[in-house]
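One letter stands for each residue in the lines below.
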2 protein chains.
Amino acid sequence: MTDPLRVALAGLGTVGGGVIRLLDANRDLIARRAGRAIEIVAVSARDRSKDRGVDLSRFDWVDDTTALARSDADVVVELIGGSDGPALTLARATLGAGKAFVTANKAMLAHHGLELGEAAEAAGVALKFEAAVAGGIPVIKGLREGAAANEIARVYGILNGTCNFILSKMEAEGRDFAEVLAEAQALGYAEADPSFDIDGVDAAHKLSILASIAFGTRPAFGDVAASGIRHLLGADIAEAAALGYRVRLLGLAEAGPNGLFQRVHPHLVPLDHPLAHVTGSLNAVVAEGNFVGRLLFQGAGAGDGPTASAVVADLIDIARGEFGPPFAMPVASLAAAPKADSGERRGRAYLRFTVADKVGVLAEIAAAMRDAGVSIESLIQRGASGEGSVLVAIVTHEGPERSVAQALEKLRGSQSLIGQPMWMHILG
Amino acid sequence: MTDPLRVALAGLGTVGGGVIRLLDANRDLIARRAGRAIEIVAVSARDRSKDRGVDLSRFDWVDDTTALARSDADVVVELIGGSDGPALTLARATLGAGKAFVTANKAMLAHHGLELGEAAEAAGVALKFEAAVAGGIPVIKGLREGAAANEIARVYGILNGTCNFILSKMEAEGRDFAEVLAEAQALGYAEADPSFDIDGVDAAHKLSILASIAFGTRPAFGDVAASGIRHLLGADIAEAAALGYRVRLLGLAEAGPNGLFQRVHPHLVPLDHPLAHVTGSLNAVVAEGNFVGRLLFQGAGAGDGPTASAVVADLIDIARGEFGPPFAMPVASLAAAPKADSGERRGRAYLRFTVADKVGVLAEIAAAMRDAGVSIESLIQRGASGEGSVLVAIVTHEGPERSVAQALEKLRGSQSLIGQPMWMHILG
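The name given to chain A in an unreviewed UniProt entry is Homoserine dehydrogenase, with the source organism recorded as Sphingomonas ginsenosidivorax. Looking at the Sequence similarities (unreviewed entry) heading of the UniProt record, one finds this comment for chain A: "Belongs to the homoserine dehydrogenase family."

Shown next as structure tokens:
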């Protein structure tokens, strides 16, 4: 057996602690599988005195995190977080020093992945980030290697466990978003500032990484059209259910003749689609390949155990010497795909309006649809809960998204509408 | 870019044709991803004159398949099938000649995997077989690499698409096994001799390979207790549905203190489990790891496109130089796990008896259960379709399988029973 793989660990939050516990618990098994031991030699975090429930006295404590890049470790694992700041400084220093780098940091990869990928390639070392997307699910590997023989038409999935937890709870209990969010926060399932999760930013970070690997394109986080679940009503979920759908926040990336389309948005998912059955805080990713067809990867998208599992899987790959270009192909061969115009996309839509309960509102909405060329498949009008307002839920026939946008534009500022309409795409 | 990876292809059935079509269709993409081109240089099959819908004139035709091992290819791909015979001869010759070997042949791996793994390790070359288990789904990779940091408690799944197709159809249409099998055969979804599929042999081959990789044990096909779906009635599926379950043929392997338990058997799967929603000819595999929790991999388990996708994924790994020991760790470190006794396992069971419609039958069954210490959770007796027979369906409380076996032993030869009882395990 060859020398151990020496690891320096930056960041000792829940995931950092999980990595230490995992390497302790599965030490022998990992050595057998990796062909060599994997040993943490140095750690660094902000607060040395904090009790993390694991014995840190075995490791060198390094106060200056960046100094890990100059340690005698073979690999630095970054679990600090944040797109810039100490994480980025450490990444640059580590790769610059010719050491391998493993991270769970989706924000940093979404913003600086290309630069870091180039640095890793220049140094001939590994840059791995399985834990950055969908936690414990080996979906980076699934796309980079498992589906590598395929041209991928689209990749999509449930990439944020907090949102899926909230949606599942809204669905099961018939409650509105704000109420469920407050409860999720009280239980620690959602952050005090939940915006990154519920507004789709976190999912957009992950989607941009997945898309790069699936399509061989440069990560383009800025091109992801992201919205979240903040404006969903319990009534939207109930209407969707009545129509045979469940509501899921999907990140979806699609390669087409006009470029790369990337979106994070709540979707209606038909009950016969596996994503409709992904509940609670689980994540799941679907890739559609031209030979393999539809592949699904599902599991825990967050948490210390699953995330540590992905981090250590990367370390095992490195220990085995089984790694290549971080983005599946050299950065220089990644295409700079233009952002595809969503107006060109065709699909069916769910539209929900909250309107004043007065004469002529339905005619106004119907006229806007007609004028924009949107064909209505079904329309339901229901009295809302005792405030003089009414819900109108429409499902359209398949058509260009541009027409729906035009119809909504026509209705903008209408005195009949209360608040913003809700537009969800129906997964086809 | 380095030299192309030169491939010799043995077997030009549907999968062989699929591999050629895939390498043609996705040629440039694969070269970008693999860092080099992948080129077929030689082919061999039984009948040179057969029209396979692909242009073979570009390749060297080799009449003697074994001679591919001496060709100037870097890798031989074996798509002939059969546990012994020409496939095994070719495998031995190829690895003996120090060339990499890729195969979709689960029967050969189940019987001779250890020998071939040793030969590959001795030669320092790749032996890869992603296509041998669950077709296009990268589940070998998922276990070998994606879940590598985990101690796996159990691995189980839907490993035979023909059986799942038949079960889904029985479920959707309320029909009996024999009728649906005949239809599946007429449509080409089931073989003329369907025994390998419907009696669980094919799934057992695959399970023994999965178990080896999941648990670090020697493949032990002979230790798989396999039965199939031949004796299932439409009524079993209906009773299961009434109880909130779907019937799936599962291969399940579990590591315990008393050894390795491996079984292929129809199971009742609760509706809130993802495998309950895997319909048609799809496959799906679940692995439960001590840190990652439950991972699910789902997709097409057969067919030329998906299988070719897995074969070429292996070739891309080889082209990238990203491969290691075939069974995730060197053959010498694989443990020879004893076969665990199923009697020790605890679980809930579904038991169905077809009985004569006469006084005292129920008392006889109930007495046998009581005497063996089997606790009954629910019992339904229904008149069967007009033949003077009655169905008795029992769900037991959790208990040792030994007790259920004892109860059935007591009832063996009873004049009241018509045919064999059906015993299914309830997935817990």
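### Observations regarding a nonpolar patch on the surface
On the surface, a nonpolar cluster with roughly 200 Å² of combined accessible area is contributed by Leu362(A), Ile376(A) and Leu379(A). In this fold, Leu379(A) is placed in strand S14 (residues 376-383).

### Examining the nonpolar core
Ranked by internal contacts, the top residues of the largest apolar core, which has 170 residues, are Ile166(A) and Ile166(B). Once you skip the residues sitting within four places of it in the chain, Ile166(A) turns out to touch Phe177(A), Val180(A), Leu181(A), Ala184(A), Ile198(A) and Ile229(A). By size, the runner-up hydrophobic cluster in this structure holds 38 residues, among which are Ile38(A), Val54(A), Val75(A) and Ile316(A).

### Here we look at the domain arrangement of chain A
Domains assigned within chain A are domain 1 (5-132), domain 2 (139-300) and domain 3 (345-426). The straight-line distance from the C-alpha centre of domain 1 of chain A to that of domain 3 of chain A is 50 Å.

### So, the pattern of salt bridges
A complete count under the given rule lists 67 salt bridges over all chains for this structure. For the salt bridge of Glu254(B) with Arg345(B), the shortest nitrogen-to-oxygen distance reads 3.0 Å. Of this pair, Glu254(B) sits in strand S9 (residues 245-256) while Arg345(B) sits in the loop between helix H11 (304-320) and strand S13 (346-356), and the two are 91 residues apart along the sequence. On the accessibility criterion, Arg345(B) (16% relative accessible area) is buried. Several salt bridges converge on common partners, so that one network encompasses Lys128(A), Lys141(A), Arg144(A), Glu145(A), Asp317(A), Glu322(A), Lys128(B), Lys141(B), Arg144(B), Glu145(B), Asp317(B) and Glu322(B).

### Regarding the sheet that holds strand S5 (residues 100-103) of chain B
All names here are of chain B. Across the sheet, six strands lie side by side as S3-S2-S1-S4-S5-S6; this open sheet has parallel pairing. Both outer strands of the open sheet, strand S3 (60-61) and strand S6 (127-128), are each paired with one neighbouring strand and no more. In this sheet, S3 lies alongside strand S2 (residues 38-44) in parallel orientation, the contact comprising two bridges. Bridging from a neighbouring strand, alanine 42 pairs with aspartate 60 of S3.

### Concerning the UniProt feature "binding site: L-homoserine" (unreviewed entry) in chain A
Residue and element names in this part refer to chain A. Residues annotated in UniProt with the feature "binding site: L-homoserine" (unreviewed entry) correspond here to Glu191. Turning to its location among the elements, glutamate 191 is positioned in the loop between helix H7 (177-186) and helix H8 (195-198). Residues contacting glutamate 191, with those up to four places away along its chain left out, are Gln185 and Asp197.

### Some remarks on the packing of helix H2 (residues 27-34) of chain B against H11(B)
Residues and elements named next belong to chain B. Between H2 and H11, the least distance of the axes is 9 Å, while the angle of their chain directions is 40°. Judged on the interaxial angle alone, H11 and H2 are oblique. In this structure, H2 contributes Ile30, Arg33 and Ala34 to the contact, and H11 contributes Val312, Ile316, Ala319 and Arg320. Looking at the contact of H2 with H11, its residues break down into five nonpolar, no polar and two charged.

Conventions adopted
- All residue numbers refer to positions counted from 1 along the written sequence of the respective chain.
- Lettering for chains starts from A, numbering for ligands starts from 1, and both go in the order in which the items are written.
- Two thresholds apply to this predicted model, a pLDDT of at least 70 for residue-level local features and 80 or more for giving and counting side-chain atom pairs, whereas whole-chain, interface and lining totals are computed over all residues.
- The side-chain figures draw on all heavy atoms in the structure; neither hydrogens nor water molecules are used.
- UniProt positions are given in the numbering used here, feature names are shortened, and annotations may be inferred rather than shown by experiment.
- The residues that make up patches have over 30% relative accessible area and no salt bridge, and they are joined within 9 Å when like-charged or within 5 Å when they are Val, Leu, Ile, Met, Phe, Trp or Tyr.
- Only the protein chains shown count as covering a residue, and every accessible area follows the Shrake-Rupley method with a 1.4 Å probe.
- Each salt bridge in this description consists of a side-chain nitrogen of Lys or Arg and a carboxyl oxygen of Asp or Glu lying within 4 Å of one another.
- Numbering of helices and strands runs from the N terminus; a helix is a DSSP stretch of H or I covering at least four residues, while a strand is a stretch of E covering at least two.
- As used here, the term nonpolar core means buried Ala, Val, Leu, Ile, Met, Phe, Trp, Tyr and Cys residues forming a set that is joined through side-chain atoms within 4.5 Å.
- The buried label goes to any residue with under 20% of its type's maximum accessible area, the exposed label to any with over 50%, and the partly exposed label to all in between, with areas taken from a 1.4 Å probe on protein chains only.
- In what follows, a contact means two residues having at least one pair of non-hydrogen atoms within 4.5 Å.
- What counts as a domain boundary in this text is fixed by an automatic or database domain assignment.
- What makes two strands pair is DSSP finding at least two bridges between them.
- Only C-alpha atoms enter the line fits that serve as axes; for helices the fit covers just the stretch in contact. Angles between N-to-C directions range over 0 to 180 degrees.
- Here is the rule for angles: anything less than 35 degrees is roughly parallel, anything more than 145 is roughly antiparallel, 65 through 115 is roughly perpendicular, and the remaining ranges are oblique.
- Throughout this entry, Asp, Glu, Lys and Arg are counted as charged residues, while Ala, Val, Leu, Ile, Met, Phe, Trp, Tyr, Cys and Pro are counted as nonpolar. The remaining residues, Gly among them, count as polar.

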